[in-house]
Amino acid sequence: MKAVRLKQKGLVAVDDIATPVPGEGEVLLRVLAAGVCRTDCHIRAHPFATPDGTTLGHEIAGEIAVVGPGVIGWQVGERAVVHPCWACHACPQCYAGRENYCQGHGAQRVPPPTPGVTRNGGMAEYAVVPASSLVSIGDLDPAFAAVLADAGLAPYHSVRLLRERLSPGSCALVIGLGGLGQYAVQLLKVMTPATVVAVDISDAALATARAVGADFTFRADGDDIVDQLREQSRGAGFAGIIDFVGSSQTLRLATSVVAPFGAIQAVGLSGGDIPFEAADISSIGLPWGVSLMKPYSGSYRDLADVIALARAGRLQANIELFPLDQAVAALDRLESGGMSGRAVLIPGM
Ligand SMILES: [Zn+2]
Ligand SMILES: [Zn+2]
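Residues numbered from 1 in each chain as written. Chains lettered and ligands numbered in written order. Predicted model: local features only at pLDDT ≥ 70, side-chain atom pairs only at ≥ 80, totals over all residues.

Colleague: What should I look at first to understand the overall build of the chain in this one?
Modeller: A count of helical and extended segments in the chain gives nine helices and 15 strands. Compactness check: the chain gives a C-alpha radius of gyration of 20 Å against a globular reference of 20 Å for 349 residues, within 12% of the reference. Viewed in the frame of its principal axes, the chain has a C-alpha envelope of about 60 × 40 × 40 Å. A sequence separation of at least 24 residues applies to 71% of the contacts in the chain between residues at least 6 apart. (Helix = DSSP H or I, 4+ residues; strand = E, 2+ residues; numbered from the N terminus. Rg over C-alpha atoms; globule rule 2.2 N^0.38 Å. Contact = placed C-beta atoms within 7 Å.)

Colleague: Is there a simple way to explain the packing of helix 3 (residues 142-162) against helix 8 (residues 300-311) in this structure?
Modeller: When two helices pack together, their arrangement is given by the angle between the helix axes and by the axis-to-axis distance. Axis separation between helix 3 and helix 8 bottoms out at 8 Å; the angle between their running directions is 115°. As far as their axial angle goes, helix 8 and helix 3 are roughly perpendicular. Relative to helix 8, helix 3 is oriented so that their crossing is right-handed. Counting all contacts with helix 3, which are made through F144, A145, L148, A149, G152, L153, Y156, H157 and R160, the residues of helix 8 involved are D302, L303, D305, V306, I307 and A310. Residues of the contact of helix 3 with helix 8, tallied by class, amount to 10 nonpolar, two polar and three charged. (Axes fitted to C-alpha atoms, helices over the stretch in contact; angles between N-to-C directions. Parallel < 35°, antiparallel > 145°, perpendicular 65-115°, else oblique. Left-handed = near helix turned anticlockwise from the far one by under 90°. Nonpolar A, V, L, I, M, F, W, Y, C, P; charged D, E, K, R; others polar.)

Colleague: Would you take a moment to explain helix 5 (residues 203-211) for this structure?
Modeller: Because the α-helix completes a turn every 3.6 residues, residues three or four places apart line up on one side. Among the residues making up helix 5, those that are buried are L206, T208 and A209. Buried positions in helix 5, seen along its axis, are confined to an arc of 160° and lie on one side of it. Exposed positions of helix 5 whose direction lies more than 90 degrees from the buried face are D203, A204 and A211. For helix 5, the secondary structure elements touched by its buried residues are helix 4 (179-191), strand 9 (195-200) and strand 10 (216-219). Within two residues after helix 5, G213 carries a phi angle of roughly 125°, on the positive side. (Buried ≥ 20, exposed ≤ 12 C-beta atoms within 10 Å, placed from the backbone. Arc of directions from axis to C-beta.)

Colleague: Explain the domain arrangement of the chain here, please?
Modeller: Often, the extent of an interface is quoted as the loss of accessible area on bringing the components together. If you check the domain split of the chain, you get domain 1 (2-141 + 317-346) and domain 2 (154-293). Its C-alpha centre places domain 1 at a distance of 29 Å from the equivalent point of domain 2. Each partner contributes residues to the interface: domain 1 has four residues there, and domain 2 has four residues. Grouping the amino acids of the side of domain 1 that touches domain 2 by side-chain chemistry returns no nonpolar, three polar and one charged. (Domains from an automatic or database assignment.)

Colleague: Is there a simple way to explain the environment of Y300 in this structure?
Modeller: Here Y300 lies in helix 8. C-alpha separation for the pair Y300 and G97, spaced 203 residues apart in sequence, amounts to 7.5 Å. In contact with Y300, not counting residues within four places along its chain, are H83 and E99.

Colleague: Would you mind showing me how to read the sheet that holds strand 12 (residues 258-266) here?
Modeller: In a beta sheet, neighbouring strands pair by backbone hydrogen bonds and run either parallel or antiparallel. Pairing is parallel across the open sheet formed by six strands, whose spatial order is 10-9-8-11-12-13. The sheet is open, and its two edges are formed by strand 10 and strand 13 (291-293), each paired on a single side. Sheet twist, expressed as the mean angle between neighbouring strand axes with direction ignored, is 15°. Sheet topology places strand 8 (residues 171-175) next to strand 9; five bridges connect them, and they run parallel. Its bridge partner being in strand 9, L173 is matched across the sheet by V197. Contacts from helix 6 (residues 225-232) reach strand 8, strand 9 and strand 10 within the one sheet, and its direction differs from that of strand 10 by about 170°. Taken strand by strand, helix 7 (residues 248-257) contacts strand 8, strand 11 (238-243) and strand 12, and its axis lies near 155° from that of strand 12. (Pairing = 2+ DSSP bridges.)

Colleague: Even after reading the chapter, I still don't get the nonpolar core, so can you show me in this structure?
Modeller: The nonpolar side chains of soluble globular proteins are, as a tendency, buried together. Membership of the largest hydrophobic core comes to 96 residues, with the highest contact counts inside it found for V81, A146, L148 and I175. Shared between two domains, this core holds at least three residues of each, these being domain 1 (2-141 + 317-346) and domain 2 (154-293). Setting aside anything within four residues of it in sequence, one finds V81 in contact with I60, A61, V135, I137, A145, A146, L148, A149, L303 and I307. One finds C85, W86, A87 and C102 within the second-largest nonpolar core, a separate group that totals five residues. (Core = buried A, V, L, I, M, F, W, Y, C linked by C-beta atoms within 7 Å.)

In structure tokens form, the structure reads like this:
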């Protein structure tokens, strides 16, 4: 079969390899769609935890081709999306339904195995995955389902964790309107009564955010952005903020406009930092009661919920399809900023 593999640092190629065979508790999926993500660009440039020879692709939807030994509840021909946190299902976090914070696979800061990152992923004609990671998609477009496994799942998790704080009359802020940010805007509108404000440095991204439901948008690079946002929140600040950039600049913007007892979800991984001060000793002092969270992906239940929202027609897709053979071109386009929607690879297209 064809598979898109990390050959070595800086090099990804489409290879011919043997079709894998499912083991105990696994299924073989015929891949119908595999999303291309900025994370794949990062892995190509800085493989870090990804061994040479790994098949990329952590956003996978497919049809079951072979059911492995010991798998119950799934039949050949069923369509499903793959939850990207391959959790142990036997640790305290898993028991609590927080598979994305599974601690069964190593040290305190090691996430569970992830297809396309630390295990072979879905940018291939076939992929072996744990049956416990499957969420049924029925007749939902597999390309849409695939991107929801990451670009929908991570924002859903953050919005769910913010929901209690976003009461009627409150304001929510989304910083960074790439693939994940655009879904965050939609999910905040669907799941909360908050006024949704979005900031980015791209006018095109701001226009898309308005089209999918943002109530107000601002250019993040304006001189008076903090004043504009404070005014927009009528001085109260934002009860929930999701930062999909994670630079020192965006984290400071978040702390400057967060409301008392507000929460900041730092999702983006641009390498920024802010000092945490228990007392107010500098200008970066946080309002009382503020929470700062470092979320990772989402739980199995979160993915099931996102798929249910999509199947009910409550979310919009913005997707561009590529044949599997064009994976490297899709990665290059994404890396150079030439994609407005999500790129999805379709084997056999
Ligand atoms: Zn991704
Ligand atoms: Zn676990």
